[in-house]
Amino acid sequence: MNRAWRMFANHAATGLAIISTVLVVAPLVAIFIYLLYKGASSINLAFFTQIPKPVGETGGGMANAIVGSGILLALGSILGVPVGIGAGIYLAEFGRGGKLANFVRFTADVLNGVPSIVMGIAVYSLIVLPQKHFSALSGGVALGIMMIPTITRTTEEMLLMVPHAIREAALGLGVPNWRSVLSITLKTASPGVITGCMLAFARVAGETAPLLFTAFGNNFWSANINQPIAALPLQIYVYAISPYDEWHRLAWAGALVLISLIVVSVALVRYVTTRGVLKGAS
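Now for a quick tour of the structure.

Conventions adopted
Residues numbered from 1 in each chain as written. Predicted model: local features only at pLDDT ≥ 70, side-chain atom pairs only at ≥ 80, totals over all residues. Heavy atoms only, no water. Salt bridge = Lys/Arg side-chain N within 4 Å of Asp/Glu carboxyl O. Helix = DSSP H or I, 4+ residues; strand = E, 2+ residues; numbered from the N terminus. Buried < 20%, exposed > 50% of the residue type's maximum accessible area, 1.4 Å probe, protein only. Contact = heavy atoms within 4.5 Å. Phe/Tyr/Trp six-rings, centres within 6.5 Å; stacked < 30°, edge-to-face > 60°. Expected span 1.5 Å × (residues − 1).

### What to know about the pattern of salt bridges
Then step 1. The full count for this structure, using the stated rule, is five salt bridges.
Then step 2. The partner of Arg167 in a salt bridge is Glu93, and the shortest N-O contact between them spans 2.7 Å. In this pair, Arg167 sits in helix α7 (residues 164-172) while Glu93 sits in helix α3 (residues 63-94), placing the two residues 74 residues apart along the sequence.
Then step 3. Relative accessible area serves as the criterion here: at 16%, Glu93 is assigned to the buried category.
Then step 4. Between Arg153 and Glu156 there is a salt bridge; the shortest N-O distance is 2.5 Å. Taken together, the positions of Arg153 and Glu156, both in helix α6 (residues 136-160) and three residues apart, correspond to about one turn of that helix.
Then step 5. Relative accessible area serves as the criterion here: at 3%, Glu156 is assigned to the buried category.
Then step 6. Ionic contacts of the salt-bridge type, sharing partners, join the residues Arg105, Asp109, Arg153 and Glu156 into one network.

Here it is as structure tokens:
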């Protein structure tokens, strides 16, 4: 009876783990399949090479929105990744147990729960109003601020997982503490840190609300970071709420391209992290 109970418990736990895995993967698969069904037929060369056509004309694309999203995400990453990693290093290596570290940790947790539209309004008040115009720069700042808390907390947790023996070995060899952190501890934890950066990147890549108050959108080509700029989420939002079937068709295509870009970018970084030069010492 005891052996039968152990076998039952083992199979039950295995079954629950499999069901949980399916429940995690199923929503993404379902969304992706539905987007393929609705948007795949609208994807062609013009979609990636042309700007939106005026109302009433068929065709056109979202080339300007794809480029604009790349610019906004690049600006956000330039701001969010260094600040987030730096804050995580401070929390894990230099400020452990201190009052300032506790305050920074609490602030990051609160910031992580702030609605994105509130972040957009805050950046609108801080940057857009003083400048008196919308801009790609303000949109990048909003996305960068949203990336910081996720990267900070992930970096801290990954660094705390590095064994203390590695730090002690470096210090015993006379390596300065800052050099040990950057060259040894951070490199050892680099797969987890990069994963956190990609999670933050994926989170902000589809944000629309903060861009409504900052980047604003643009139906023409624009790469000037001091002017309004198009973005895929913004273009999808505008097309989705319109009464035109042609725009609805392009909105589905844009949603498919957006989620495909996110999945491909995350998968590539994970592949490079686990198999390439960024693998680290773990």
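### Considerations on the side chain of Gln235
Then step 1. With respect to the helices and strands, Gln235 occurs in helix α11 (residues 232-240).
Then step 2. The buried category is assigned to Gln235, whose relative accessible area is 5%.
Then step 3. In contact with Gln235, not counting residues within four places along its chain, are Pro52, Met62, Ala65, Asn218, Asn219 and Ala230.

### Considerations on the environment of Trp178
Then step 1. Of note, Trp178 is situated in helix α8 (residues 177-188).
Then step 2. Judged by its relative accessible area of 51%, Trp178 falls in the exposed class.
Then step 3. Taking C-alpha positions, Trp178 is 9.3 Å from Glu93, a pair spaced 85 residues apart along the chain.

### A closer look at the packing of aromatic side chains
Then step 1. In total, this model carries nine aromatic pairs according to the counting rule given.
Then step 2. Here Tyr124 and Phe134 contribute two aromatic rings whose centre-to-centre distance is 6.2 Å and whose plane-to-plane angle is 35°, an arrangement assigned as tilted. Of this pair, Tyr124 sits in helix α5 (residues 116-131) while Phe134 sits in the loop between α5 and α6; the two residues are 10 residues apart in sequence, bridging distant segments of the chain.
Then step 3. Geometrically, the ring pair formed by Tyr124 and Phe213 is edge-to-face, given 6.4 Å between the ring centres and 70° between the ring planes. With Tyr124 in helix α5 and Phe213 in the loop between α10 (209-212) and α11, this pair connects stretches of sequence that are 89 residues apart.
Then step 4. Phe213 gets classed as partly exposed once you look at its relative accessible area, which sits at 26%.

### What to know about helix α4 (residues 99-112)
Then step 1. An ideal rise of 1.5 Å per residue puts 20 Å on 14 residues; α4 measures up with 20 Å between its terminal C-alpha atoms.
Then step 2. Each element contacted by the buried residues of α4 is listed here: α3 and α6.

### Structural notes on the side chain of Ser180
Then step 1. Along the chain, Ser180 turns up in helix α8.
Then step 2. Among all residues touching Ser180, those that are not within four sequence positions of it are Arg167, Ala170, Val175 and Thr185.

### Observations regarding unusual backbone geometry
Keep in mind that most residues, glycine aside, have a negative phi and that most peptide bonds are trans.
Then step 1. Here Lys132, not a glycine, exhibits a phi torsion of approximately 65°, which is positive.
Then step 2. Tracing the backbone shows Lys132 in the loop between α5 and α6.
Then step 3. On the basis of relative accessible area, Lys132 is assigned to the exposed category, the value being 74%.
Then step 4. Although it is not a glycine, Phe216 adopts a positive phi angle of roughly 75°.
Then step 5. Counting through the fold element by element, Phe216 comes out in the loop between α10 and α11.
Then step 6. Accessibility expressed as a relative area gives 49% for Phe216, which makes it partly exposed.

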